[in-house]
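Structure assessment
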Amino acid sequence: MKKILAGIDFADDSSSVARQLIGVTVLVDGVGGRIVETEAYDRLDPASHTYGGMTPRNAAMFGPPGHAYVYRSYGIHWCLNFVCREAGHGAGVLIRAIEPVEGLDAMRERRGVAGERLLCSGPGKVCQALGVSHLHNRLALDAPPFLLLAREGDVTVQTGPRIGISKAMDTPWRFVLAGSPYLSKPLRAPAV
């Protein structure tokens, strides 16, 4: 079953959705910007929250596609994922960084920093800047407070290993907008 948002079929596999999300604008209550960094996760991937099966914590990631999966990382930071694949599969895309565009004053107030580069350059920063919390878990991405806008024009996407994981570390499922100064960390080449 297709779930098309911003020109992307969220019923597709997570790595395809993660790549296509680069350049898409995400807004939460009118605050947000252009997605410049994502990571894909799938239930067959040992680094994924869904690898061991469904739990109360990760249930949202099992579908339906086109919804938010929000979890707390290390008990401190909220992280926003977009669920993909068919309901019951357990796949999603972590939104790692965005280029702040809309609602910069709200972002600065929420984050307590002024520099645009520091507002959304990491998954915890994205959620804090956009005001995302557990209250957004399971919400549809095609209804308020979310708004996804298709990317305008061509973008150059680069891939590399994901960040901050201890399993499947060299899987090249991190996708970034080439040349963006808003990434959480520079892209490193996969191990050979």
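Keep in mind it's a predicted model, so treat the numbers as computed, not measured.

Rules of the game
- Residues numbered from 1 in each chain as written.
- Predicted model: local features only at pLDDT ≥ 70, side-chain atom pairs only at ≥ 80, totals over all residues.
- Heavy atoms only, no water.
- Axes fitted to C-alpha atoms, helices over the stretch in contact; angles between N-to-C directions.
- Helix = DSSP H or I, 4+ residues; strand = E, 2+ residues; numbered from the N terminus.
- Left-handed = near helix turned anticlockwise from the far one by under 90°.
- Contact = heavy atoms within 4.5 Å.
- Salt bridge = Lys/Arg side-chain N within 4 Å of Asp/Glu carboxyl O.
- Buried < 20%, exposed > 50% of the residue type's maximum accessible area, 1.4 Å probe, protein only.
- Arc of directions from axis to C-beta.
- Core = buried A, V, L, I, M, F, W, Y, C linked by side-chain atoms within 4.5 Å.
- Phe/Tyr/Trp six-rings, centres within 6.5 Å; stacked < 30°, edge-to-face > 60°.
- Pairing = 2+ DSSP bridges.

Observations regarding the packing of helix α2 (residues 104-111) against helix α4 (residues 123-130)
In the contact formed by α2 and α4, the axes pass within 7 Å of each other and the chain directions differ by 115°. The interaxial crossing formed by α2 with α4 has right-handed handedness. When α2 is examined against α4, the residues Met107, Arg110 and Arg111 are found in contact with a partner set consisting of Lys125, Gln128, Ala129 and Leu130.

Examining unusual backbone geometry
Glycine aside, negative phi is the norm for most residues, and most peptide bonds take the trans geometry. Looking along the chain, the bond that leaves Gly63 and enters Pro64 is cis, with omega of 5°. Among the structural elements, Pro64 can be located in the loop between β4 (31-42) and β5 (68-73). With an omega dihedral of 15°, the bond running from Pro144 to Pro145 counts as a cis peptide bond. Assignment of secondary structure puts Pro145 in the loop between α4 and β8 (146-149). A positive phi is found at Ala6, a non-glycine position, where the angle reads about 50°. The topology assignment puts Ala6 in the loop between β1 (4-5) and β2 (8-9).

With respect to the pattern of salt bridges
Per the counting criterion, the structure on display carries nine salt bridges. For Arg96, the salt bridge is made with Glu37, and the minimal N-O distance between the two is 2.9 Å. Of this pair, Arg96 sits in strand β7 (residues 91-102) while Glu37 sits in strand β4, placing them 59 residues apart in sequence. A relative accessible area of 8% means that Arg96 is categorised as buried. Among the ionic pairs, Glu116 bridges to Arg108, the shortest N-O distance being 3.8 Å.

Looking at α4
Counting buried residues in α4 gives six out of eight residues, a clear majority hidden from the surface. For α4, the set of buried residues is Pro123, Gly124, Val126, Cys127, Ala129 and Leu130. Residues of α4 that are buried make contact with β3 (25-28), β4, β6 (77-84), β7, α2 and α3 (116-119). With its phi angle positive at about 75°, Gly131 sits one or two positions after the end of α4.

Observations concerning α2
Among the residues of α2, Leu104, Met107 and Arg111 are the ones counted as buried. Looking down the long axis of α2, one finds its buried residues gathered within 60° of arc, a one-sided arrangement. Turned more than 90 degrees from where α2 packs its buried face, Asp105 and Glu109 sit exposed. Buried-residue contacts for α2 involve β4, β7, α3 and α4.

Overview of the nonpolar core
Core analysis: the largest hydrophobic core is formed by 43 residues, its most contacted members being Phe10, Leu21, Ile35, Leu80, Phe82, Ile95 and Leu130. Counting residues per element, this core draws most heavily on β7, at five residues. Residues contacting Leu130, with those up to four places away along its chain left out, are Val28, Val31, Gly32, Ile98, Met107, Arg110 and Cys120. One finds Tyr41, Ala60, Tyr71 and Leu94 within the second-largest nonpolar core, a separate group that totals eight residues.

Observations regarding the packing of aromatic side chains
Applying the stated criterion across every chain, the model contains two aromatic pairs. Note on Phe10 and Phe82: the rings are 6.3 Å apart at their centroids and 55° apart in plane angle, and the pair reads as tilted. Of the two residues, Phe10 sits in the loop between β2 and α1 (14-21) while Phe82 sits in strand β6, which places them 72 residues apart along the sequence. The same class applies to Phe10 as to Phe82, namely buried.

Focus on the pairing of β6
The element β6 is extensively covered by neighbouring structure, given that seven of its eight residues are classed as buried. Two strands pair when backbone bridges link them, and β5 and β6 are joined in this way by six bridges, in the antiparallel orientation. Along β6, the bridge assignment pairs Ala68 with Phe82. The antiparallel pairing of β5 with β6 creates a hairpin that spans three residues between the two strands, and Tyr74 there sits at a positive phi of about 55°. Here β6 pairs with β7 via four bridges, running antiparallel. Across the sheet, the residue bridging to Val83 is Gly92, located in β7. Adjacent in sequence and paired antiparallel, β6 and β7 are bridged by six residues, among which Arg85 carries a positive phi angle near 70°.

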